[in-house]
Amino acid sequence: MASEHVSPLSESNSPAIDPLSEPYNPLAGIDVSLLRTRASAYLQADEMALLESAMRFSAEAHAGQFRSSGEPYVSHPIAVTEMLAEWHLDHQALIAAMLHDVVEDTAITKQAIAEAFGRVAADLVDGVSKLDKIEAHSQEEAQAENFRKMFLAMARDVRVILIKLADRIHNMRTLAAVRPQKQRRIARETLEIYAPIANRLGLNNVFCELQELSFRHLHPLRYEVLTKAIRAARGNRREIVGKLLVTIQERLPQWQIEADVWGREKHIFSIYQKMVDKRLSFSQVLDIYGFRIVVKDVPTCYLALGALHELYKPVPGKFKDYIAIPKANGYQSLHTTLIGPYGMPVEIQIRTSEMHHVAESGVASHWLYKDSAERLSDLEQRTHSWLQSLIELQSASGDSTEFLEHVKIDLFPGDVFVFSPKGKIFSLPRGASAVDFAYAVHTDIGNRCVSCKINGDLMPLRTELKNGDQVEIITAAHANPNANWLTYVRTGKARAEIRHFLKTSQQDESIALGERLLGQALRGHGLTLSTLPRQVWDKFLREVGSQEKQEIFTDIGLGKRLPAVVAKRLALVVEALGDEYLQGRAIKPKTAGAIQISGGEGMAVQLARCCHPIPGDPIVGLLRKGQGMEVHLSDCPNLARYRADRERWVDVEWEANNDRMFDVDIRVIAEHQRGMLAKIAAVISENQANIQHVSMDTESSVHSQTYFTLQVTDRQHLAQVMRAIRRVPQVLRITRLKANEQK
């Protein structure tokens, strides 16, 4: 891209024109014959005239700009438009392709393009263009924001990504002209994002070419070595492949099957992937050749499969029926692997001509093959559903980097097909869990799921799904997503929705906690939240640069602001404005009082895991920056490190009549005898306590130390349980574990 962003259309930048000479032609010396041939084959005369105008407009805009290879810059948009014309995209997409770098690299605006070529073309150009003057803390954040914009534009109009893919293909074909470091960065980006997008849209030819070019520039030495190895293997196996082709072509007519048959060589990158994934040498990768068979209809596909399985033995577990269950991108074929002559495995793909169109061109088939209306409408529906899911991911994601992470997860093709109880098929990534399935059905199902049945059996939610599993999700009205789910979900939607729920819940809980903490701090100044009028809040918010008081409550609840500091500043604002804002009420400082804690406040209030406080224990609250409030035992050793920061300490006390259960750790030392653990467990159960976890230390042959994590209602309940355990004759000692004691 050019370094100077000066509009070539300005008077100072326009070439001098001799009135007696030939009219100025900005396309002089530029070969546009192929583009004209391809476009004129299907565009109307008025559409072709607009495209010609766009070609001249682009050439003038990029006049004086050159690519790294030394070619005039306009050669790039011409090459991109040629590709789109080959796919038969409409004239608006072709115009946008010709102008796709004009807004980014010159002073020409989107409005100028809209006036000259229409709003649709201008919107397409805007969707492809990078964000201008983006404010970001890093290159990665800026790039993530650019991708976010592109994906959302793509969700509105799929032509945006088709233009971008054609743009990326041409850039990759000419990547040798840029410096090696930039080559590797662009190649990695292409392999991680653009190639998977092409695959997700069913653009198989684009997908394979982008993978090959990325591999070539990312690992040039490996690419060269594999290329030579494949060339040598091609010569060694040419005779076998030729015999196989002839045998298949002779066998199919014997079954009254008319078919086009041709051999194909696996792409270098797919061979490399197989070598890496399965840790094989090149000589161990035997199936580098395959055959494609195209027949007239679906029944003939299965007939051809039977004919080939009679001819050669199939490899067990290598048959895949993508006709009955298409891939997420609409791809349909029968795949089988046969043991050919000399034990060489051969991959066979069988499909109809309509399936072949979709397999090669994907969503571009919409423009190329409009005769297959029913098949294409199904593909368009699948594509539309995926594009709409991008909008859902955007609404559930916190920022551009998180959004891009979720999209990357979602771009890789689904390998596992599972069924709902009603027989609906869902395609999920390999390794997906029942939680992924729940969110695939509906966001509300995911948020409320508590357990699942897989093939009729109750199973944990983290269970990894396998092909053919029937999954039933069991929900509860008051259930909520668990942060632990993030450790095993695989789909972008599930990850985004869980994070979105947790963030929203934390914010709501933080607002409530912040309001309680500020109310407590204000009492020390003789104020209450209810007596502070709007004028006081307005002045305070202007001073601290916030929009609304909920932001202040959130910051206090998350420990980002100290309630005592906020209360003091609010008191100063009241003093400055005068007590008439308090309706003449005298300010009388009061004892602040303690915050009531139930233990069920959610993520904003956490009971410290180091000391496990329970009702009845003397406690203190500690505001942790960005984490809310932690409740510790008042003698917890871990509080010592915050002794110098006492402003973060909060007076708290247990709420009365609490019926929750709380975790507490105890250690029991007893004689090492058979059945001892069972006796202690029975006593615990008799006293209405639950055992959450148990572990034993049996190094001594005489005594054993058993560590229990119990659930009790309060300190009195714990004392009752410990007295009952102490009455067991073989128990020598029982203690409650304190902070930092080893379990």
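Residues numbered from 1 in each chain as written. Predicted model: local features only at pLDDT ≥ 70, side-chain atom pairs only at ≥ 80, totals over all residues. Heavy atoms only, no water.

**Examining the packing of aromatic side chains**
Given two aromatic rings, their pairing is described by the distance between the two centres and the angle made by the two planes. Under the convention used in this document: For this analysis, a ring pair means two rings from Phe, Tyr or Trp (six-membered ring only for Trp) whose centres lie within 6.5 Å, classed as stacked if their planes differ by under 30 degrees, edge-to-face if by over 60, and tilted for the remaining angles. Helix and strand assignments follow DSSP, with helices taken as H or I runs no shorter than four residues and strands as E runs no shorter than two, numbered in order from the N terminus. We call a residue buried when its accessible area falls under 20% of the maximum for its residue type, exposed when it is over 50%, and partly exposed in between, using a 1.4 Å probe and counting protein chains only.
Inspection of every chain in the model, using the stated rule, returns 10 aromatic pairs. Note on F269 and Y272: the rings are 6.4 Å apart at their centroids and 40 degrees apart in plane angle, and the pair reads as tilted. Taken as a pair, F269 and Y272 lie in helix α13 (residues 268-278) at a separation of three residues, close to a single helical turn. Residue F269 shares its accessibility class with Y272, and that shared class is buried.

**Some points on the sheet that holds strand β11 (residues 471-475)**
Our working definition: Any two strands with at least two DSSP-identified bridges between them are counted as paired. For helices, the axis comes from a line fit to the C-alpha atoms of the stretch in contact; other axes are also lines fit to C-alpha atoms, and the angle between any two N-to-C directions lies between 0 and 180 degrees.
Strands sit in the order β10-β9-β11 across an open sheet of three strands; the sheet is antiparallel. Two strands bound the open sheet, and with one partner strand each, they are β10 (457-459) and β11. For this sheet, the mean angle separating the axes of adjacent strands, direction not counted, is 35 degrees. Inspection of the sheet shows strand β9 (residues 449-454) paired to β10 by three bridges, in the antiparallel sense.

**A short note on the side chain of E630**
Worth spelling out the cut-off: Two N or O atoms form a polar contact when they lie within 3.5 Å of each other; inside protein one atom must be a possible hydrogen donor and the other a possible acceptor, and for residues adjacent in sequence the pair counts only when both atoms belong to side chains.
If you trace the backbone, E630 turns up in strand β15 (residues 628-633). Reaching out from E630, the side chain makes a polar contact with the side chain of H632 at a distance of 2.9 Å.

**Brief notes about the pairing of strand β18 (residues 662-671)**
It is a general feature of regular strands that their side chains alternate between the two faces of the sheet. The buried fraction of β18 is high, at seven of 10 residues. Sheet analysis places β18 next to strand β20 (residues 703-712), joined by 10 bridges and oriented antiparallel. Residue pairing in the sheet places V664 in a bridge with L710 of β20.

**Concerning the sheet that holds strand β16 (residues 649-650)**
Strands belonging to one sheet form pairs held by backbone hydrogen bonds; the direction of such a pair is parallel or antiparallel. If you walk across this open sheet you meet the four strands as β13-β15-β14-β16, and the pairing is mixed. Each edge of the sheet is formed by a strand with only one pairing partner; in this case those strands are β13 (605-607) and β16. Bridging between strand β14 (residues 619-624) and β15 involves six bridges; their strand directions are antiparallel. In the strand pairing of β15, V620 is matched with H632.

**Things to note about unusual backbone geometry**
The phi dihedral of H88 falls on the positive side, at around 65 degrees, and the residue is not glycine. With respect to the element layout, H88 can be found in the loop between α3 (75-86) and α4 (91-98).

**Focus: helix α24 (residues 563-577)**
Convention followed: What a helix is expected to span follows from its residue count: subtract one and scale by 1.5 Å. Contacts: residue pairs with any heavy atoms within 4.5 Å of one another.
In this model, α24 (15 residues) spans 21 Å end to end at C-alpha, consistent with the 21 Å of a helix rising 1.5 Å per residue. The inward-facing, buried residues of α24 contact α21 (492-523), α22 (534-544), α23 (549-557) and β14.

**What to know about the packing of helix α6 (residues 110-117) against helix α7 (residues 119-128)**
Note the following rule: Two helices cross in a left-handed way if the nearer one is turned anticlockwise from the farther one by less than a right angle. They cross in a right-handed way if the turn is clockwise. As a working rule, the residues Ala, Val, Leu, Ile, Met, Phe, Trp, Tyr, Cys and Pro are called nonpolar, Asp, Glu, Lys and Arg charged, and the rest polar, with Gly in that last group.
Direction vectors running N to C along α6 and α7 enclose 145 degrees, while the axes themselves pass 7 Å from each other. Two packed elements cross with a definite hand, and for α6 against α7 that hand is right-handed. Residues K110, Q111, I113, A114 and F117 of α6 touch α7, and the partners they reach there are R119, A121, A122, D123, V125 and D126. Residue composition of the contact of α6 with α7, by class: six nonpolar, one polar and four charged.

**Some details on the confidence of the model for the chain**
Let me state the cut-off plainly: Across the chain, each position has a pLDDT score giving the predictor's confidence in that residue, from 0 to 100.
Predicted confidence across the chain gives a mean pLDDT of 80, with 81% of residues reaching 70 or more. Within the chain, helix α16 (residues 365-368) has the poorest average pLDDT of any element, 57, and helix α26 (residues 715-726) the best, 93. Ignoring residues within four places in sequence, the model shows residues 131-137, a span with pLDDT below 50, making eight contacts including any to other chains. The low-confidence segment residues 371-376 (pLDDT under 50) makes nine contacts with residues lying over four places distant or belonging to another chain.

**Thoughts on the nonpolar core**
Across soluble globular proteins, nonpolar side chains have a tendency to be buried as a group. To be explicit about the condition: For our purposes a nonpolar core is just a set of buried Ala, Val, Leu, Ile, Met, Phe, Trp, Tyr and Cys residues, chained together by side-chain atoms within 4.5 Å.
Among the nonpolar cores identified, the biggest contains 64 residues, and L51, L84 and L165 are the most heavily contacted of them. Once residues lying within four places of it in the same chain are set aside, the contact partners of L165 are Y194, I197, A198, L201, L203, V206 and L210. Listed in part, the 55 residues of the second largest apolar core include I552, L562, I619 and V668.

**What about the pattern of salt bridges?**
Heads up, the condition is: By definition, a salt bridge exists where a carboxyl oxygen of Asp or Glu is found within 4 Å of a side-chain nitrogen of Lys or Arg.
Under the defined criterion, the tally for this structure stands at 15 salt bridges. A salt bridge links E52 to R36, with the nearest nitrogen and oxygen atoms 2.7 Å apart. Note that E52 is positioned in helix α2 (residues 45-61) and R36 in helix α1 (residues 33-40), a separation of 16 residues in sequence. Owing to a relative accessible area of 17%, E52 belongs among the buried residues under this scheme. Taking the shortest distance from any N to any O, the salt bridge between R569 and E543 comes out at 3.7 Å. Residue R569 is found in helix α24, and its partner E543 is found in helix α22; the two are separated by 26 residues along the sequence. You can call E543 partly exposed: its relative accessible area is 38%. Each of K110, D123 and D126 takes part in salt bridges that share partners, so that together they form one network.

**Let's talk about the pairing of strand β8 (residues 425-428)**
Judged by which residues are buried, β8 turns out to be one-sided: F426 and L428 face inward and are buried, whereas I425 and S427, on the alternate face, are not. Bridge analysis of strand β7 (residues 416-419) against β8 gives four bridges, and the strand direction is antiparallel. Note on β8: the bridge partner recorded for F417 is S427.

**Structural notes on the environment of S361**
By secondary structure assignment, the location of S361 is in helix α15 (residues 353-361). A relative accessible area of 10% places S361 in the buried class. Each C-alpha atom, one on S361 and one on V206, is 8.4 Å from the other, the two residues being 155 residues apart in sequence.

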